[in-house]
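Commentary on secondary and tertiary structure
So the chains spell out like this:
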Amino acid sequence: MSHNTIEANQAMDKFDGHHQVWLFGYGSLIYKADFPFIERRPAHIHGWSRRFWQGSHDHRGTPEAPGRVATLIPSAGAVCHGMAYLVTPEEFAHLDHREKNGYLRVAIDIHFDAGGVEEGLIYIAAADNAAWLGEAPVEEIARHIASACGPSGPNREYLLRLAAALREMGHHDEHVHAIEAHLKRI
């Protein structure tokens, strides 16, 4: 699959005819909502784990030196915490552009921390996308993040802001916080 997934995402018709759709954010969408939303709630999803295995050629790195950003991998029994936003379908164009570097829209059940479940959407970069960097030891991921920078700023800022946002929400993510600890030692 190409780096640019805008066209593939525009073909998703799962929520056609809906006036509002819940969007689940597990990376920068937790702390950087650069789009209008109707409502925002802490939430989580089941069966997925957050990993810094996706390359960022357009935000936290460059085509020549991609950064590392979060994606999700299937993980039985896992719970991934994040933030859910109620948006109108008009926001999809902006979100599709923001998440164009290998991420595809996927329908998912979003569980709100205060109770209740709604079907919504999430952007996930799978292993078959052209920007995939894959698994690596957390020390290596931290070194990679320490040296990467792109149009949206240093890659380390992305990781540190995500780690802080999760902590503020009262959640510990073993992968994210282990990388953060190694990054702070560099």
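The sections below set out a description of the structure shown in this document. In this text the structure is predicted, and so the values were computed from the model without any measurement. (Residues numbered from 1 in each chain as written. Predicted model: local features only at pLDDT ≥ 70, side-chain atom pairs only at ≥ 80, totals over all residues. Heavy atoms only, no water.)

Here the focus is the sheet that holds strand β5 (residues 117-124). The five strands are arranged β1-β3-β2-β4-β5 in a closed barrel whose pairing can be described as mixed. The average angle at which neighbouring strand axes cross in this sheet is 45 degrees, direction not considered. In terms of strand pairing, strand β2 (residues 39-56) meets strand β4 (residues 104-112) through two bridges, oriented antiparallel. Bridge assignment links His44 to a residue of β4, and that residue is His111. The strands touched by helix α4 (residues 138-147) within the sheet are β2 and β3 (67-87), with β3 carrying the most contacts at an inclination of about 40 degrees. (Pairing = 2+ DSSP bridges. Helix = DSSP H or I, 4+ residues; strand = E, 2+ residues; numbered from the N terminus. Axes fitted to C-alpha atoms, helices over the stretch in contact; angles between N-to-C directions. Contact = heavy atoms within 4.5 Å.)

The next point concerns the packing of aromatic side chains. Two aromatic rings, taken as a pair, are described by how far apart their centres are and by the angle between their planes. One pass over the full model with this rule turns up six aromatic pairs. Considering the side-chain rings of Phe37 and Tyr85, the 5.1 Å spacing of their centres and the 65 degrees angle between planes classify their relative orientation as edge-to-face. Here Phe37, found in the loop between α2 (28-31) and β2, pairs with Tyr85, found in strand β3; they are 48 residues apart in sequence, far enough to count as distant. On the basis of relative accessible area, Phe37 is assigned to the partly exposed category, the value being 35%. What makes Tyr85 buried here is its relative accessible area of 0%. (Phe/Tyr/Trp six-rings, centres within 6.5 Å; stacked < 30°, edge-to-face > 60°. Buried < 20%, exposed > 50% of the residue type's maximum accessible area, 1.4 Å probe, protein only.)

Tyr26, Phe52, Ile110 and Ile122 are the most contacted members of the largest nonpolar core, which has 47 residues in total. Among residues more than four places away in sequence, those in contact with Tyr26 are Arg50, Ala70, Thr71, Leu72, Cys80, Tyr103, Ile122, Tyr123, Ile124, Ala125 and Leu162. (Core = buried A, V, L, I, M, F, W, Y, C linked by side-chain atoms within 4.5 Å.)

Once that is clear, we can look at the pairing of β2. As defined by bridge partners, β2 adjoins β3 across 15 bridges and the pair is classed as antiparallel. Paired with Gln54 across the bridge in β3 is Val69.

What follows is about the packing of α4 against helix α6 (residues 174-185). Geometry of a packed helix pair, given as the angle between the helix axes and the separation of the axes. For the pair α4 and α6, interaxial distance at closest approach is 8 Å and the crossing angle is 65 degrees. As α4 runs across α6, the sense of the crossing is right-handed. Judged by residue contacts, Val138, Glu139, Ile141, Ala142, Ile145 and Ala146 of α4 engage His175, Ala178, Ile179, His182 and Leu183 from α6. Of the residues contributing to the contact of α4 with α6, the split by class is eight nonpolar, two polar and one charged. (Left-handed = near helix turned anticlockwise from the far one by under 90°. Nonpolar A, V, L, I, M, F, W, Y, C, P; charged D, E, K, R; others polar.)

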